[in-house]
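# Coordinate analysis (summary)
Residues per chain, in single letters:
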Amino acid sequence: MDPTDRIDAIDATEAGDATEASSTAKAGGTAKASGTAKASGTAKASGTAKASGTAGGAFAVGSWEDLVTTALLGTDRRPLAGGGPDRAAPVALLDAAAVATVRRRAGLRPAAAARRPEPAAEDPRPALPVAAARRLALLLADRPGTGGGRRGASPDLMELLPQWLAAVNAHGYAAPPETLPALLDAARGRTDLRPAALAFAGPRGLWLARLNPDWRFALRAAPGGGASLPDLDDADGMQRLWEEGLFAERVALLAAVRAVRPATARELLAATWATERAEDRLMFLDSLRSGLSGDDEPFMEQALADRSRNVRAMAAELLSALPGSALAARMAIRAGACVAVDHTHGAPTIVVEAPLECDAAMERDGVVAAPPAGRGKRSWWLGQLVEATPLGTWPRRLGGRTPREIVELPVTDDWQGELHAAWCRAAVRQRDPEWSRALLGTPAVPEAGGPGAVSLAERAKLLATLDAAERADWVAGFIATHGLSEAFQLLGVCAVPWAAPLGRAVVDALNIARDAGSYPWSFSGVMGLAERCLDPAEASRLDGLLAVPDEREDASPGAGGYWAEAFQRLVTTLRLRADMARELTPADT
């Protein structure tokens, strides 16, 4: 008997269908298991072998686990105990499975009724409009892998779901109850959907998640694991939850209190700080990032002496974000001793003398002594000192110059890359737009971003410190000069929908690439971003790009058809997004 047939037969028998089990295996005919338990504890099986306490073809029935193991390994490798020499081993196994099933059912006692779950909390939000509810069902039905390979001109609905969820949450609608299982399944498969999906699912979604282990992620993502927090005026309740609650509940409590009463949250943490685990101290300390102020400095200074290196590093990072902190002043003194302006070379030049050692005081202030592989010790220490120094230090230190003038100064001995990269990290950490502009430079220049922006990732981080309009203008200028080949990361930090100048720059660059016969698949990532981020009002401008262009001799084969298909998909998606927005708008607005 084939092993697969044996497993199917045992599974079918466990499900209560002994007839199907024997039929599946086709070994010995139909297996019959009488529903009447005899006083001797016997049952008829297969009509040929009697499972009784008497002799004559009797066999012993082992535990269900033994039977399953025998079926998986095969009766040739693991003979059935008591099978008897006159009976085929597979038939004996099926008979034993049938008898074991009858015995298990006959001996099963009714279990006590489980407690009925409490009803879900009411969701006070207004119901989703009917058209939008239909749209949601279509978006959730478009699962990954269901559309085949190439989509042609059809929109990628699943990629529009995050945008739709953001819009529906902005309107404040409640999720239709019948869509909650599909919504939770979608959030389970895509972590980027979870915050918006769980906000839309509301209290009913959390209630449902408690009943299905596959959706437990929703409870972990909810503040306090979905548990309710005490009133912030209930001092005893807060203290009790802080001392006795689960870790997720304590993190949620600390965040909630910190948002309203920063000092109270800090006092809660200080009261139990010495008894917390290192990994918990790290998470709790990071919660103080919200609303960080000079009042937190004494507590952070104490954390600099923590026995955990990660906690010390976190405390140093938070203190360096406070320009007036004592740590920031100590770092400024150390970094100032390493960087100065030299006027002896004719033109003012920055000279750098990196630290010769990393002493205990530097390590206490968060400087990591051991560099990563491939980095020199002195340059590693210098970068950390400059990164943690308040950026306001440098105009005073370097002759009253502006950030842009400082960045334009030459730097001796090949220290420019290291120094400017550290200034980049400092500008991102301290959210300083003036320094970010200086380090980004003008997007139209050949180097596209100034000497400090040594990578696209750093440029993207610097751009994130600027306001949305300035960010879009800079990226539009970059694309107009350099095209789209290096713009993907920069486009990812721009606000959605893209501002009109940025949208026009992207469409124009795509059109230029098409007319040049460029390899079309190289732009699939940018085209996907355009589908999700272009203003839907731009759809009318794209009608002229839908025709298949005449292919140049040096163009990639089939490129013209692909470009036409891609632009058709872009236009269709933009119009679909416009429809989605209208469906969410109440009729009386």
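Criteria and cut-off values
- Numbering of residues starts from 1 in every chain and runs along the sequence as written.
- Whole-chain, interface and lining totals are the exception, using all residues; otherwise, since this is a predicted model, local features are given only for residues with pLDDT of at least 70 and side-chain atom pairs are given and counted only at 80 or more.
- Just so you know, side-chain values use all the structure's heavy atoms and leave hydrogens and water out.
- The helix count covers DSSP runs of H or I at least four residues long, the strand count covers runs of E at least two residues long, and both are numbered beginning at the N terminus.
- Each residue is assigned to one of three classes by its accessible area relative to the maximum for its type, calculated with a 1.4 Å probe on protein chains only: buried under 20%, partly exposed between the two thresholds, exposed over 50%.
- Note on contacts: a residue pair is in contact if any heavy atoms of the two residues lie within 4.5 Å.
- Cavity means a closed set of points on a 1 Å grid over the protein atoms alone, one where a 1.4 Å probe fits but cannot get out, pocket means an open set with protein on both sides within 12 Å along at least 5 of 7 lines, and lining means a residue has an atom within 4 Å of a point.
- Grid points are joined across faces, edges and corners, and a volume is the space filled by probe spheres set on the points.
- Following the grouping adopted for this structure description, the nonpolar residues are Ala, Val, Leu, Ile, Met, Phe, Trp, Tyr, Cys and Pro, the charged ones are Asp, Glu, Lys and Arg, and the polar ones are all others, Gly among them.
- In this analysis, the expected span of each helix is defined as 1.5 Å times one less than the number of residues it contains.
- To get the bend at a residue, fit one axis to the 7 residues ending there and another to the 7 starting there, then take the angle between the axes.
- Any pair of Phe, Tyr and Trp rings, taking the six-membered ring for Trp, is counted once the centres come within 6.5 Å. Such a pair is stacked with planes under 30 degrees apart, edge-to-face with planes over 60 apart, and tilted for the rest.
- The rule is short: NZ of Lys or CZ of Arg within 6 Å of the ring centre and within 35 degrees of the ring normal puts a charge over the ring.
- Here, strands pair whenever DSSP counts at least two bridges between them.
- Definition used in this section: a nonpolar core is a set of buried Ala, Val, Leu, Ile, Met, Phe, Trp, Tyr and Cys residues joined via side-chain atoms within 4.5 Å.
- By salt bridge we mean one thing: a side-chain nitrogen of Lys or Arg within 4 Å of a carboxyl oxygen of Asp or Glu.

### What to know about the overall build of the protein chain
When its secondary structure is counted, the protein chain shows 28 helices and four strands. Each of the 589 residues in the protein chain was classed as buried or not, and the buried ones make up 43%. Put simply, of all contacts in the protein chain between residues at least 6 apart along the chain, 66% involve residues at least 24 apart.

### Describing the layout of surface pockets
Approximately 290 Å³ is the volume found for the largest pocket. In terms of lining, the largest pocket is formed by 17 residues, of which the most central are Gly366, Val368, Gln384, Glu387 and Arg429. Among the elements that take part in the lining of the largest pocket, helix H18 (residues 377-388) stands out by supplying five residues, more than any other. A per-class count over the lining of the largest pocket returns seven nonpolar, four polar and six charged.

### Notes on helix H8 (residues 194-209)
Its 16 residues place the ends of H8 only 13 Å apart at the C-alpha level, less than the 22 Å of an ideal helix rising 1.5 Å per residue. The largest bend in H8 amounts to roughly 105° and is located at Gly202, with the proline Pro203 lying one to four residues further along. All buried positions along H8 are accounted for by Arg194, Ala197, Leu198, Phe200, Ala201, Gly202, Gly205, Leu208 and Ala209.

### Structural notes on the packing of aromatic side chains
In this structure the tally under the stated criterion is nine aromatic pairs. Aromatic pair Trp423 and Trp435: ring centres 5.3 Å apart, planes at 50°, arrangement tilted. Separated by twelve residues along the polypeptide, Trp423 in helix H21 (residues 416-430) and Trp435 in helix H22 (residues 433-440) bring together distant segments of the chain. The class for Trp423 is buried, based on a relative accessible area of 0%. Three or more aromatic residues joined by ring pairs form one cluster here, namely Trp242, Phe247 and Phe284. When the ring centre of Trp242 is taken as origin, the NZ or CZ atom of Arg250, which lies over that ring, is 4.2 Å away. A cation sits over an aromatic face here: Arg281 above Trp273, 6.0 Å from the ring centre.

### Points about the pairing of strand E3 (residues 339-342)
In the sheet, E3 pairs with strand E4 (residues 349-352) via four bridges, with the strands oriented antiparallel. In the strand pairing of E4, Asp342 is matched with Thr349. With antiparallel pairing between neighbouring strands as the criterion, E3 and E4 make up a hairpin whose turn holds six residues, including Gly346 at a positive phi of roughly 90°.

### Concerning the nonpolar core
Membership of the largest hydrophobic core comes to 99 residues, with the highest contact counts inside it found for Leu285 and Trp423. Apart from residues no more than four positions distant in its own chain, Leu285 is found in contact with Leu269, Trp273, Phe299, Met300, Ala303, Val311, Met314, Ala315 and Leu318. In terms of nonpolar packing, the next biggest core, distinct from the first, is built from 34 residues, Leu160, Leu165, Leu180 and Trp215 among them.

### Quick word on the pattern of salt bridges
In the structure shown here, the tally under the stated rule is 31 salt bridges. The salt bridge involving Arg78 is made with Asp66; its shortest N-O contact spans 4.0 Å. Pair noted here: Arg78 is in the loop between helix H3 (64-73) and helix H4 (89-106) and Asp66 is in helix H3, with a separation of twelve residues, a long-range link. Its relative accessible area of 28% is what places Arg78 among the partly exposed residues. Looking at Asp66, the relative accessible area reads 35%, which means it is partly exposed.

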